[in-house]
Amino acid sequence: MSGASVIVIGAGVTGLSSAWWLARSGVDVLVIDKGIVGWEASGRNGGGASHYHSPLFHEEQKLWPQMDELLGYTTEYRRERVIFATTEHHLENYRRMAEICRGLGYRVDDLDPAQVRSFVPLAGDNVTGGIHLRFGGQANPQRTVQAYAWALQDLGGRVFQHTPALRIVTAGGRVSGVETPRGVLGCDHLVVAAGPQAEALLAPIGLRLPLAPARAEMIVTEPAPLMPVGGADGNGLYGRQTLRGNLAYGGGPHEWLDVDALGPRRRPSTPILRNLAKRVAELLPRGAHLRVIRSWAGVVENTPDGRPVLDRIADPGNLTVATMSGVGFGLSPATGHAVRDLVIDGRCSFADLGKLTLARFKDTPADWRERQGWLPTTHEQALAAMAP
Amino acid sequence: MSATRGFDRISQAGKVPAPDERTQILVVGGGPAGAAAAIEAAKAGGSVMLVDENPVGVGLMALDTPLYFGGRFTNAVQTQARMVEQILASSPLLEAAFEAGVDVRLGTYVWGAFTPGWGLASLPESLAGLADEERAWMVGFNRLILATGARDVAFAFRGWDQPGVMGARAFEALTSRYDAFSGRRLVILGTGELAIETARAALSRGLLVEAVVDVADAFQGDPSAAAELAAAGVEILLGHVPVSAPSGLEGIEGLTLSDHATGATRTLPCDTIIEAISLTPVIELLDVLGGAIAPAPRLGGHAPVTSDGTATSLPNIFIAGDVAGAPGGASMGEEAAIASGRRAAQAVLASLGHEVRPEVSTVVESDFDALAYQMAWARALMSDPDVVICQCEEVSRAALTEVRPPGYLGPPSPAQAKRDLASLLEDGPANQDQIKRLTRACMGPCQARRCREQVALTLACASNVAPADVPLAGYRAPVRPLPLNVLADWDESPEIARHWDVWMGIPGQWTPYDDIGTEREALSAGILGEGGHA
Ligand SMILES: Cc1cc2nc3c(=O)[nH]c(=O)nc-3n(C[C@H](O)[C@H](O)[C@H](O)COP(=O)(O)OP(=O)(O)OC[C@H]3O[C@@H](n4cnc5c(N)ncnc54)[C@H](O)[C@@H]3O)c2cc1C
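About the thresholds
- Residues numbered from 1 in each chain as written.
- Chains lettered and ligands numbered in written order.
- Predicted model: local features only at pLDDT ≥ 70, side-chain atom pairs only at ≥ 80, totals over all residues.
- Heavy atoms only, no water.
- Helix = DSSP H or I, 4+ residues; strand = E, 2+ residues; numbered from the N terminus.
- Rg over C-alpha atoms; globule rule 2.2 N^0.38 Å.
- Buried < 20%, exposed > 50% of the residue type's maximum accessible area, 1.4 Å probe, protein only.
- Contact = heavy atoms within 4.5 Å.
- Lys, Arg positive; Asp, Glu negative; His and termini not counted.
- Charge placed at Lys NZ, Arg CZ, Asp CG, Glu CD.
- Buried area = accessible area lost by both parts, 1.4 Å probe.
- Salt bridge = Lys/Arg side-chain N within 4 Å of Asp/Glu carboxyl O.
- Polar contact = N/O pair within 3.5 Å; in protein donor to acceptor, adjacent residues only side chain to side chain.
- Nonpolar A, V, L, I, M, F, W, Y, C, P; charged D, E, K, R; others polar.
- Pairing = 2+ DSSP bridges.
- 1 Å grid on protein atoms, 1.4 Å probe; cavity = no way out; pocket = protein on both sides within 12 Å on 5 of 7 lines; lining within 4 Å.
- Points joined across faces, edges and corners; volume = space filled by probe spheres on them.

Draft legend 1. Summary view of the overall build of chain A. Within chain A one finds 11 helices and 18 strands. Taken against the 2.2 N^0.38 rule, which gives 21 Å for 388 residues, the C-alpha radius of gyration of chain A at 21 Å falls within 12% of a compact globule. Taking the principal axes of its C-alpha atoms as reference, chain A extends roughly 65 × 55 × 40 Å. Out of the 388 residues in chain A, the part that is buried amounts to 68%. For chain A, long-range pairs separated by at least 24 residues make up 73% of all intrachain contacts whose partners lie at least 6 apart in sequence. Between the averaged position of the 40 positive side-chain charges in chain A and that of its 38 negative side-chain charges there is a distance of 3 Å.

If you want it as structure tokens, here you go:
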């Protein structure tokens, strides 16, 4: 079975955006996924896109307002963000965050409680203040995933769903293809954007990408009337009001998992959804009567320092790795651009990615997950660890 | 644990608080199966809690939750105390459960259930989430018996969103358990076992049954039942497809049918249309728990995977009654449900080490393919593509099969306009969860109770596959739509509050890129604690 010039493993936002960018440059590209597009983290996240700590930040901010037009499909992107506090402690944190963003050249306004309520009418009398990011924003992850996939296909790229990569095939020190149940698919360059499974895919070819998967969960309410700013969060939550009006929020404790080569076995949500409900009701007291209609969880991979790996590997020289941890949705337009540059030009044209290489983990001890406490932990183990 | 093992205080491990109450055996569902199970278990001396959501709050009834009530309830349902009395009076088994020492909770929703396992190592024990109209709380259990029954599969035609169109199960609940049914003159859709029982029940209550209607050309139930209904003055209309239900201020006033052989239409006067086509097992809690579920065409749709009708794929979770499968799309009946409940209790008791002599199983079987029958209805109704099949999100059949983005997004882009179900099918079989996300069908406050099955059936029709081949769209907690301030944990444990983080609390994750590796790194890590809100 024939492959493509570039094969991308993983039809999440990272893989799809990379493929779309490559297809825009005329590259023959094929994305394979073990399931359907965006079934993992890419279809289960908060949709936030204001990653001021990332080297891809400026590109993220430049691209999002253009994405609907570039893709030809709507992503439900909504600009701007109001982060507001109900305690002095949180407010202090937000104001410092505002300083960092201003330092990067972006406008952030300080808001008093009345101003917060004018942008976020569901907020209550408990507001202590907030900040208004005149940049950033959020989109609908599920619609965005499909938009990437369709836009890619419109440019002649292909997506094979239900096609797990079983093994990376090498020959003469280079990647020659990917073994799948459909046979070996040949390629000139391989992009691994397989989320938590990237570690297991890379290990057999001698590349070590230390990853610890964790579950994060969110809740969503029935629709409320649209607020002037949909990206309204705080109180320990991230999230947004969707364009339909639903309130979708996440945050709080995660759980460490062991994910095998086939991917997560389940993505359970937990009684923590009650703590999320409490915080949403506190954050938006005028919406406290809204019914919670669903919850969900997604699995996110984490490197030992919690930062992405975005790297064209030296050996084999035709392999690029992109694993985005908790920030991959918002950054995806920029990540795809970076991967395109790495694959075609060997270097990123718009940002320094030197601190996101795989090599930074060469001295990471084998038992790093255990040392960091990033292994699945039972209640009893936790109580023992918490005992004074 | 090795000496070097660290501990992540931000993680969920060690944080899930002890439940507010505990019971050895929790039974969900106070119908005959659940009540019989609870009584049997209590007689053996176990601590048993029996939870039933009836009487359901009026707000949820109006959302057709948990059953397809169709707005045909009287004002009596407003008075919860009266309703509790009514429900007890209508169910001698519940009375008996009280007497057997069962802790019976009425008017209480079970919105979730969680058991330790893969992905949930941090859970200290098996927990169920309960709620009433005011608050939510957690109950720990050793064994859970799901006796959640079966619910109506709804079908859309013009007017089905008006008061007066309802399901057979809801009709049964309103007439027998609530004594609060407001209709008088009925048309019943379906001619199988479920429709026949419904017609008999209506007639015995002195209600007028105008007709039973089927899209099929043959009467689906026992021919003697057809004669019996005809003798009672019920017209039997075969080969007729519902076209619309004209309505006035009080809801629907008739049902217009088209004879699909001749195309002739006629309108039957009625104030209530009861959809008695098929029931489907209420598997939502089992799905939330992660129990195995599989297509079961003869049991009304998807049903729990079970070796003996009581065990599930999860060792501490059991099933009893119609949740195990609605034979031929109808209820297994009171007697069989009671037997099934007793067997489930015996299996639970045996699993807890009690000496029990399990009764011989009397599994009710049917060779009627309920899913094929549902499909026949879905296919007949496909002739009207503009009918809204998801009421909450206002998605029509055509919008579904065209994978049309919702109206609030404005007119589709030129590229979008070329996309439809066919273009998704090029990439793989129809996936209801994927299509939900794009069209919003099934995404509303009724939690897809009115449209989940018909959306799956419509996708099966449009993509020309068997309905069993459309993967089940997942259920998620809370399985009842509960207000934020009811679901909220207002007595949050201090451990959770103290270590709450927006994200995973990984030091340095939000350090501005330029600061990484500089002396400013430590500084920003301090500033950006609690997640950094990226
Ligand atoms: C609850 C939650 C909230 C979040 N909130 C935000 C947010 O607000 N903003 C933000 O930017 N990010 C957020 N994230 C993180 C974001 O979702 C991820 O960073 C992003 O989706 C990563 O995309 P990806 O394509 O790299 O990985 P994934 O989405 O995990 O995609 C990887 C794909 O690879 C496929 N795959 C894996 N192994 C194989 C194999 N062997 N063969 C074939 N295919 C394979 C998988 O099926 C999957 O489709 C959140 C995540 C979660 C879970």
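Draft legend 2. The arrangement of the interface of chain B and chain A in detail. Between chain B and chain A, the residue contacts involve 100 residues of the former and 120 residues of the latter. Sorting the residues of chain B by area buried against chain A places Trp-118, Leu-484 and Tyr-513 of chain B first, and these three jointly supply 11% of that buried surface. For the interface between chain B and chain A, the tally reads five salt bridges. Counting across the interface, chain B meets chain A through 53 residue pairs in polar contact (both at pLDDT 80 or more). A total of four residues in the side of chain B that touches chain A trace back to one element, the largest contributor, which is helix α14 (residues 432–439) of chain B. Considered class by class, the residues forming the side of chain B that touches chain A number 57 nonpolar, 24 polar and 19 charged.

Draft legend 3. The arrangement of the sheet that holds strand β3 (residues 78–85) of chain A in detail. Residue and element names in this part refer to chain A. Pairing in this open sheet of four strands is mixed, and the strands run β4-β5-β3-β12 from one edge to the other. The outermost strands of the open sheet, each flanked by one partner alone, are β4 (108–111) and β12 (232–233). Both β4 and strand β5 (residues 129–138) contribute to a ladder of four bridges, which runs antiparallel. Bridge pairing in β5 links Val-108 to Leu-133.

Draft legend 4. Structural context of empty space enclosed by the protein. All names here are of chain B. One pass over the structure, following the stated rule, counts 14 cavities of 30 Å³ or more. One number sums up the size of the largest cavity: a volume of about 230 Å³. In terms of lining residues, the largest cavity is bounded by 19 residues, among which Gly-301, His-302, Glu-453, Ala-456 and Leu-472 are the most central. When contributions to the lining of the largest cavity are tallied by element, the ones reaching two or more residues are β18 (279–281), β20 (301–304), α10 (370–381) and α15 (452–463). Looking at the lining of the largest cavity, the element that brings in the most residues is α15, giving four residues. Class assignment for the residues of the lining of the largest cavity results in 11 nonpolar, six polar and two charged. If you go around the second largest cavity, you meet 18 residues; those closest to its centre are Gln-447, Arg-452, Gly-474, Tyr-475 and Arg-476.

Fair warning: the whole summary comes from geometry, so function is off the table for now.
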